[in-house]
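The lines below spell out each chain.
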There are 6 protein chains.
Amino acid sequence: MRSDGRNDDQLRDIKITRGYQDWPAGSVLVEFGRTRVLCAASVTEGVPRWRKGSGLGWVTAEYAMLPSATNTRSDRESVKGRVGGRTHEISRLIGRSLRACIGLAALGENTIHLDCDVIQADGGTRTAAITGAYVALADAVTWLAAGGRLADPQPLSCAVSAVSVGVVGGRIRLDLPYEEDSRAEVDMNVVATDAGTLIEVQGTGEGATFARSTLDKMVDLALQGCAEINRVQAEALALPYPGTLPEPKPAKSTQPKAGK
Amino acid sequence: MRSDGRNDDQLRDIKITRGYQDWPAGSVLVEFGRTRVLCAASVTEGVPRWRKGSGLGWVTAEYAMLPSATNTRSDRESVKGRVGGRTHEISRLIGRSLRACIGLAALGENTIHLDCDVIQADGGTRTAAITGAYVALADAVTWLAAGGRLADPQPLSCAVSAVSVGVVGGRIRLDLPYEEDSRAEVDMNVVATDAGTLIEVQGTGEGATFARSTLDKMVDLALQGCAEINRVQAEALALPYPGTLPEPKPAKSTQPKAGK
Amino acid sequence: MRSDGRNDDQLRDIKITRGYQDWPAGSVLVEFGRTRVLCAASVTEGVPRWRKGSGLGWVTAEYAMLPSATNTRSDRESVKGRVGGRTHEISRLIGRSLRACIGLAALGENTIHLDCDVIQADGGTRTAAITGAYVALADAVTWLAAGGRLADPQPLSCAVSAVSVGVVGGRIRLDLPYEEDSRAEVDMNVVATDAGTLIEVQGTGEGATFARSTLDKMVDLALQGCAEINRVQAEALALPYPGTLPEPKPAKSTQPKAGK
Amino acid sequence: MRSDGRNDDQLRDIKITRGYQDWPAGSVLVEFGRTRVLCAASVTEGVPRWRKGSGLGWVTAEYAMLPSATNTRSDRESVKGRVGGRTHEISRLIGRSLRACIGLAALGENTIHLDCDVIQADGGTRTAAITGAYVALADAVTWLAAGGRLADPQPLSCAVSAVSVGVVGGRIRLDLPYEEDSRAEVDMNVVATDAGTLIEVQGTGEGATFARSTLDKMVDLALQGCAEINRVQAEALALPYPGTLPEPKPAKSTQPKAGK
Amino acid sequence: MRSDGRNDDQLRDIKITRGYQDWPAGSVLVEFGRTRVLCAASVTEGVPRWRKGSGLGWVTAEYAMLPSATNTRSDRESVKGRVGGRTHEISRLIGRSLRACIGLAALGENTIHLDCDVIQADGGTRTAAITGAYVALADAVTWLAAGGRLADPQPLSCAVSAVSVGVVGGRIRLDLPYEEDSRAEVDMNVVATDAGTLIEVQGTGEGATFARSTLDKMVDLALQGCAEINRVQAEALALPYPGTLPEPKPAKSTQPKAGK
Amino acid sequence: MRSDGRNDDQLRDIKITRGYQDWPAGSVLVEFGRTRVLCAASVTEGVPRWRKGSGLGWVTAEYAMLPSATNTRSDRESVKGRVGGRTHEISRLIGRSLRACIGLAALGENTIHLDCDVIQADGGTRTAAITGAYVALADAVTWLAAGGRLADPQPLSCAVSAVSVGVVGGRIRLDLPYEEDSRAEVDMNVVATDAGTLIEVQGTGEGATFARSTLDKMVDLALQGCAEINRVQAEALALPYPGTLPEPKPAKSTQPKAGK
């Protein structure tokens, strides 16, 4: 029995709220238990310099933690003047994972920024972020399509979800809260598609090593968790777009109208 | 008639939600119409170096904007590697305003961090932040008092609220949304107490100058707005503390228990 | 009686020396008692990126303190690698105040940089800086006009001066030196025009709140001080331009000739 | 056939040169084909602040690339003023991997810095770095033991090696050079022990997803590669310590003697 | 004939004004023709960390240029967020030069900061800075001695001055203004003592090389110039200390009294 | 007798290895005794912004030290987030010295980056770096000439070498190792050409001053040392280019082909 009453192979309650903010093309609050991440997908014209003239779009992500999101207040990276290694690593992981599901040619030379800001942290923030960012991205694609701004009407080739799995006290467990994560012997994050294929696998022994067979069992459990999360994503996306879609033929506008 | 249907002297809908996050001692979501700011009050042991040995506590604030909070996505200050002038200015204003209502000797050498993160911006983010930060601070004081950690059981000498007022198209208006703020001839922010006294007055002609008599009318209107906001704060604080208060005699713990 | 022998409503000696440096189009040393600020107005071609193509010019300010200007040596911001909040705030205030008196269309796409470097600090450095920056700006305008580089021969719509006022030991006093400023209960800076209108009003209770009636008296006293300072500015500007003015028709040169 | 003539399951030539530099306790040049990384293990007294008083030592790593190491010159991170995301990520991976093989209690409150500087890059720099860092760490342990500075004479619990594996043109290949890495569909790095257990598994679909069965085959091949690399490490470490070991009873000295 | 009418071996007018600012223990405005540098010597308690416990004092220098000091406005290093190479280099040169003339043991564990801020630049700013910094240092020493804070009543072993010399159009010239400096074939700075010995010699061919015999002639001319500058320094220092000296026995105060 | 057995006027063993790395156009390992510096010359298209449109090329240098190069590990400047004063100073010296021997018009608007990374430090790293950078630059020129990319087939006007000289225990000595350098009374670096002319002379009294006659003897000895080093450079360059030269007529390629 886990301290929150779950079985080893059970996810926490997953909730997905679309349209959390008014301005971005996609804005999703995702909750994995007490972990809450706000994932926004903003469309901006143009691409980074190294990509100009390619005709291809770009999808990039930035992950951050509110100082008040953690049990003990954490210092603000803007005040420290530098983004830490962990933040960089997770931002890169999210961007890479979401680029795996979208045809960048369809976007033209436009960029989708995925901002994943952790409102409350209780383990699994990066997997929640990937899960929510997919839904925000899907909304941004709907918004672009409505505006007639996509070369290919359906550029998403699959859905993307992610979950953590670990070995805690010798038991393989799914979707670790902070209390388990902080004492896990092995910690793994798996990003998968709704076709059951893998996008990213990252497993680490924390002061311990692990057997090949443990790896196999962890991947099995994670894939099963991802499939369940995919169903929650699909349900959320079955509802209509949570805002006003643009008219079919705007030439230049980038975002829904509103103030600052 | 204003574009949102209000009279010139009318506030937007003000909502205050306490206990928005689980870990900080005070956590408040404040809404002025579409403007939404998350204000968290976190208690940490110790004070900044220049204050050590004084026996006095410290209250400090940090204001920030989520990239997705604005109509057009704004760049993340952590990624730019420096905090901008506007951010600095507002952070200093919030800290100064809240220090006006609390006896710092009562805290002992402890610090309360007020983190004001703008979730959605539609004008008046700094005045909403001050208004919400007061409620979060009051909750943190309740939490400290319950834990027996205050030298003086009621260190708050008054309540603090703030509102913007401006001259738009020649008319003096209260609580400007972005659409009005961006074209105001004069822009003013007033921070006041529930005793009707002033803490801070900042008025600026935006490419225009203004008469002494205009200043007087703006201050009158702002004080009337602040009094109304004080009532909303008082109502919100009339409800019980939205979490578990600590036992009377803890020696060392700083924050409510929870994970990351 | 104040410690320097002044009455409560009396300014310190104000001196304005034009032509303090040889290279900038305007260069003014302004003294408010022992406070000395060097204000230089330099003309450079072009405008910031966000303003390009508008046909409008720009006026911006940077405030800084020499390490040796303060009673106890202060660290150099270039060495710390970041500009502090107070510096940012004052730089923004100076720029905003001076932009209120100039028609930016007249400049064409050129920028005037107002560099206000504090040589010696004894309270009121920001108000001295605004006062001196106006005179330097006026000289830069004369220099631009002589060179035939202004669309409108007289782009200045008014003169700008500033002064501090505060409550010290319960008495409302004008133009506070450091010794009074550091123990003031209320501290206010007022920026006004020679027409008696206001540009900026910033009043702060320092660990205290203040009544509406106190605000009124402080603004009255400050406006009276600003009017006196306007007279000193006018006297200084009645003298001829303190350098060599350019010939009427230069196409491209930006600054008076000289070496490094 | 691969462009360098290897079979799919074949490593490049692996060379390990100990004692490459004179001052660090361990200094190893490791070569995976044309990839060359200099791995130095330096012992310094004390541990990071957050670890003080624990009685435990610390092992940390920093990875960097000479500007001239890459095909096209890359900018120096010191000049850019910030360490990039990729550098952070790899530094953290190396540190984590090596901490898995050493008992930190044995070090006392001392730190071993593992500096992995890439002299020439041709794919697989992070796996070469981990492989070389293990040998440098082993030398530093020998040096500490000779000086009588270890609480436990053999704090290394296993040997650590790492290798890359990927899917290139549909074929699973071991130890990818840059030319293959840059066009791989799936890219994986595996860190393993000489006992055949895993420390870290990181697999990424690069614009593609991959099947569970592909993951299994990649891990199999990588483990086989790691075992071979372990043999090369063991051979290198069978030779005597490549320098002068300290006398048994020094109290305070930290590094072999020499100049700057 | 040089453009300013001087002979090749002639200095510009050198003026030294002591007591330019009120707060630092030494404050000197030095002028070499149009070049003007403000040199302040501030005494602070304590020494840098690496020097603590040595019983020795420290003398360090920081050189900076006001943005308005140069013919074309230069960007502020605090705003750029980093100190440039030239600034670093000159700061180090000034500190090194002045440390050559003072017994650091006499200071006890106190630091003298020499801040050299260029008010106006017309060539030779670094040599003017060294020349002025010596006089400011001498005043700081007088101030410390009066306060009974020196272990050795006369810690200055010699006077220090500096001058530039160069080859311009094939002619060896002394004390180059910007107009000559910018087109010199060889540029040299010499720091010397009043005993005629050398502290620093830095000569550079600017896109040209120079003969051994040219070096000899340049050093001869520079030493003659330094001797003359020493006489100006001695005359300036023959006047009484330009401020109020502290009473003989203060235990702890660091600077002359005054406000901010 | 010196501690390493040399006479006062004797150089350490100087070794120059060309072709140390595969990708840069020139890559040289230079050794002055135990001091080892890797000097790479990389050709990139384009010039810095301030030089665009001039038709001239640029040669610039960056000097850095591996953390493991020094007796006690030194912190990485990329991690500290700023390049130190000493690093800046040496980088500027190397660039200036090498620009003295090359006609920048011949390069067209291309840049040669000279990266001098110290692998092991034992005194004289900057003079070794200049010596090695010359050989790397000569190789880059050969590479550019072979590709038909030079306007002038032989843009090098002379060879450049450098050596340190100092006064140690009252004796004038050549090419100081760290052990002598750290206790030298006078320290000098001389950069000279193979024609016996000077490019740069930098002499510093380290807490001591020195006589004019000492300067003369130091320069004599340094010039003799530079002549010897020139012979070692010439021998090294007498061997064929250590790699594959490009075909005569490439229009656009910049560097020898290879991976990352």
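Just so it is clear, the structure is predicted and the values come from calculations on it, not from any experiment.

Here is what the cut-offs are and how they apply
Residues numbered from 1 in each chain as written. Chains lettered and ligands numbered in written order. Predicted model: local features only at pLDDT ≥ 70, side-chain atom pairs only at ≥ 80, totals over all residues. Heavy atoms only, no water. Pairing = 2+ DSSP bridges. Helix = DSSP H or I, 4+ residues; strand = E, 2+ residues; numbered from the N terminus. Axes fitted to C-alpha atoms, helices over the stretch in contact; angles between N-to-C directions. Least-squares fit on C-alpha atoms with pLDDT ≥ 70 in both. Contact = heavy atoms within 4.5 Å. Buried area = accessible area lost by both parts, 1.4 Å probe. Salt bridge = Lys/Arg side-chain N within 4 Å of Asp/Glu carboxyl O. Polar contact = N/O pair within 3.5 Å; in protein donor to acceptor, adjacent residues only side chain to side chain. Nonpolar A, V, L, I, M, F, W, Y, C, P; charged D, E, K, R; others polar. UniProt positions renumbered as here; feature names shortened; annotations may be inferred. Buried < 20%, exposed > 50% of the residue type's maximum accessible area, 1.4 Å probe, protein only.

### Quick look at the sheet that holds strand S2 (residues 26-32) of chain A
Residues and elements named next belong to chain A. Read from one edge to the other, the open sheet built from five strands follows the order S1-S2-S3-S5-S4, with strand pairing classed as mixed. In the strand order of this sheet, the two ends are held by strand S1 (14-18) and strand S4 (58-65), each with one partner. In this sheet, neighbouring strand axes are inclined to one another by 20 degrees on average, regardless of whether the strands run parallel or antiparallel. Note that S1 and S2 share five bridges and pair antiparallel.

### Focus: the relation of the copies chain B and chain A
For the match of chain B to chain A, the screw axis carries a shift of 0.0 Å, the RMSD comes to 0.0 Å, and the turn is 180 degrees. In symmetry terms, the pair is related by a two-fold rotation axis. Judged by C-alpha distance, serine 78 of chain B is the residue of chain B that lies nearest the rotation axis, at 1.8 Å. The fraction of interface residues of chain B whose copies in chain A are also interface residues reaches 100%, indicating that both copies meet through the same surface.

### Things to note about the interface of chain E and chain C
In this complex, chain E contributes 41 residues to the contact, which on the side of chain C involves 41 residues. Between chain E and chain C, roughly 4,000 Å² of surface is buried when both sides are summed, and carbon and sulfur atoms account for 51% of that area. Of the charged contacts, one joins aspartate 115 of chain C and arginine 73 of chain E as a salt bridge, the two residues approaching to 2.6 Å between their closest N and O atoms. Connecting chain E to chain C are 25 residue pairs in polar contact (both at pLDDT 80 or more). Within the residue set of the side of chain E that touches chain C, elements represented by two or more residues are strand S3 (35-45), strand S4 (58-65), helix H1 (77-80) and strand S5 (110-120) of chain E. Ranked by the residues each element gives to the side of chain E that touches chain C, the list is headed by S5 of chain E, at six residues. Grouping the constituent residues of the side of chain E that touches chain C by class yields 17 nonpolar, 12 polar and 12 charged.

### What to know about the side chain of glutamine 21 of chain B
By secondary structure assignment, the location of glutamine 21 of chain B is in the loop between strand S1 (14-18) and strand S2 (26-32). A polar side-chain atom of glutamine 21 of chain B sits 3.0 Å from a polar atom in the side chain of serine 68 of chain A. Apart from the residues within four sequence positions on either side, glutamine 21 of chain B is in contact with Arg36, Leu66, Ser68, Ala69, Ile119 and Gln120 of chain A together with Ser27, Leu38 and Ala40 of chain B.

### Quick notes on the interface of chain B and chain A
Tallying the contact residues gives 41 residues for chain B and 41 residues for chain A. Summing both sides of the interface, chain B and chain A together bury roughly 4,000 Å²; the carbon and sulfur share of this comes to 51%. In this assembly, chain B and chain A are joined by 12 salt bridges. When the shortest N-O distance is used, the salt bridge between glutamate 62 of chain A and arginine 73 of chain B registers 3.2 Å. The tally of links from chain B across to chain A stands at 25 residue pairs in polar contact (both at pLDDT 80 or more). Contributing elements (two or more residues each) for the side of chain B that touches chain A: strand S3 (35-45), strand S4 (58-65), helix H1 (77-80) and strand S5 (110-120) of chain B. Counting residues per element, the side of chain B that touches chain A draws most heavily on S5 of chain B, which supplies six residues. A class-by-class count of the residues in the side of chain B that touches chain A yields 17 nonpolar, 12 polar and 12 charged.

### Comments concerning the sheet that holds strand S1 (residues 14-18) of chain E
Residue and element names in this part refer to chain E. Spatially, S1-S2-S3-S5-S4 is the arrangement adopted by the five strands of the open sheet, whose pairing is mixed. Strand pairing shows two members of the sheet lacking a second neighbour, S1 and S4, which therefore form its edges. Pairwise comparison of adjacent strand axes, ignoring direction, gives a mean angle of 20 degrees for this sheet. As defined by bridge partners, strand S2 (residues 26-32) adjoins S3 across seven bridges and the pair is classed as antiparallel. What sits directly across from phenylalanine 32, in S3, is threonine 35. Docked against the sheet, helix H2 (residues 85-99) engages S4 and S5, running at close to 145 degrees with respect to S4. Contacts from helix H5 (residues 212-238) reach S1 and S2, with the element oriented near 25 degrees to S1.

### Side note on the UniProt feature "binding site: phosphate" (unreviewed entry) in chain A
Residues and elements named next belong to chain A. Under the UniProt annotation, "binding site: phosphate" (unreviewed entry) lies at Arg86, Gly124, Thr125 and Arg126. The named residues occupy 41 residues along the chain; their greatest pairwise C-alpha distance, 13.4 Å, places them in one compact cluster. By the secondary structure assignment, glycine 124 is in the loop between strand S5 (110-120) and helix H3 (125-146). Judged by its relative accessible area of 17%, glycine 124 falls in the buried class. For arginine 126, the position within the fold is in helix H3. Taking the relative accessible area as the measure of exposure, arginine 126 reaches 19% and is therefore buried.

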